[in-house]
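An overview of the molecular structure
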Amino acid sequence: MRGLAADFGQLIFPRYCSVCDARLLGSERFICTSCLMDLPRTGYKGRKNNMTERLLWQQIPQLATASAFLRYEPGTASASIFMGFKYGGRQTLAHFMGTLMAADLKGTGFFDGIDLIVPIPLSRQRLKHRGYNQSECLAAGVAEGAGVPMVADIVTRTVDNPTQTNLNVEERQRNVEGIFHLERPEAVAGRHVLIVDDVLTTGATISSCAKEIATAGEVKISVLTLGLAGKHYASSLPEDEVLPK
């Protein structure tokens, strides 16, 4: 009876793939099986010295490890996932992607020793306009999948800085200087914190947040993002590291 009810619900309220818009089957969630298999995964799975980690080495002295789940490629079908939860109000899609991020790292030891998860915060103005923080939704999914608590009120964004989209590396770094404030240093002092964000391009925003968290003292920091943007993911890779097709 439950299966019949689900099938009937699909007839009245059909669900569609967030990537290709094909109608989802009963067991599929948010993304059809075909598109799920074709997602542009980095294949890093938390491996040491991956490109995400290397981008952040000099920017975050306290860095323990870092990883990214997907290659973010503007203009491609998979980019609609990011647009959907960032600008389309699809909070549940972000949460679902967070669970996929955690599942991708299952059994790798990536979450070993991590005490809590902190999402990159939005400014009060942007949060009011959007109604939610997409990084917090992602982080909640990661927390659920990894079994690590997520705390969203430890760091606040005190400046509604302009978008980073059209800025070069130096401009991005200046744009995010001093925009975060650590509200509860006692919550992170001496602990291992995982920072979660949607997309990493140069690492400027994440490193600015990490710098503020590190003021609590004796903090170890790891980073996990849904997407890795830019051409660096396809260049300067170790000889033994081969990107998936």
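Rules and cut-offs
- Residues numbered from 1 in each chain as written.
- Predicted model: local features only at pLDDT ≥ 70, side-chain atom pairs only at ≥ 80, totals over all residues.
- Heavy atoms only, no water.
- Helix = DSSP H or I, 4+ residues; strand = E, 2+ residues; numbered from the N terminus.
- Polar contact = N/O pair within 3.5 Å; in protein donor to acceptor, adjacent residues only side chain to side chain.
- Contact = heavy atoms within 4.5 Å.
- Expected span 1.5 Å × (residues − 1).
- Buried < 20%, exposed > 50% of the residue type's maximum accessible area, 1.4 Å probe, protein only.
- Pairing = 2+ DSSP bridges.
- Axes fitted to C-alpha atoms, helices over the stretch in contact; angles between N-to-C directions.

Inspection of the secondary structure assignment puts Asp 198 in strand S5 (residues 192-200). Here the side chain of Asp 198 touches Gln 134 through a polar contact of 3.2 Å, side chain to side chain. What Asp 198 contacts, discounting residues up to four positions off in sequence, is Phe 82, Phe 85, Lys 86, Gln 134, Ser 135, Leu 138, Thr 225, Leu 226 and Gly 227.

All right, on to helix H5 (residues 91-104) then. For H5, spanning 14 residues, the distance from its first C-alpha to its last is 20 Å, which sits close to the expected 20 Å at 1.5 Å a residue. For H5, every residue scored as buried is listed here: Leu 93, Ala 94, Phe 96, Met 97, Gly 98, Leu 100, Met 101, Ala 102 and Asp 104. Tucked into the core, H5 has its buried residues touching helix H2 (33-37), strand S1 (63-71), helix H4 (79-86), helix H7 (134-146) and strand S6 (220-228).

Mapped onto the fold, His 192 is located in strand S5. Assessed through its relative accessible area of 9%, His 192 is described here as buried. Separated by 2.7 Å, the side chains of His 192 and Ser 222 make a polar contact. Not counting the four nearest positions on each side in its chain, His 192 is found in contact with Ala 64, Asp 112, Gly 113, Ile 114, Asp 115, Leu 116, Lys 220, Ile 221 and Ser 222.

Another aspect to go through is the sheet that holds strand S2 (residues 116-119). The four strands lie next to each other as S1-S6-S5-S2, forming an open sheet whose pairing is parallel. The open sheet has two free edges, formed respectively by S1 and S2, since each of these has just one partner strand. Sheet twist, expressed as the average angle between the axes of neighbouring strands with direction ignored, equals 20 degrees. The pairing of S2 with S5 spans four bridges and is classified as parallel. Looking at the pairing, Ile 117 lines up with Leu 194 of S5. Across the sheet, H5 lies against S1 and S6, angled at about 120 degrees from S1, the strand it touches most. Packing against the sheet, H7 makes contact with S2, S5 and S6, and its axis sits at approximately 125 degrees to S5.

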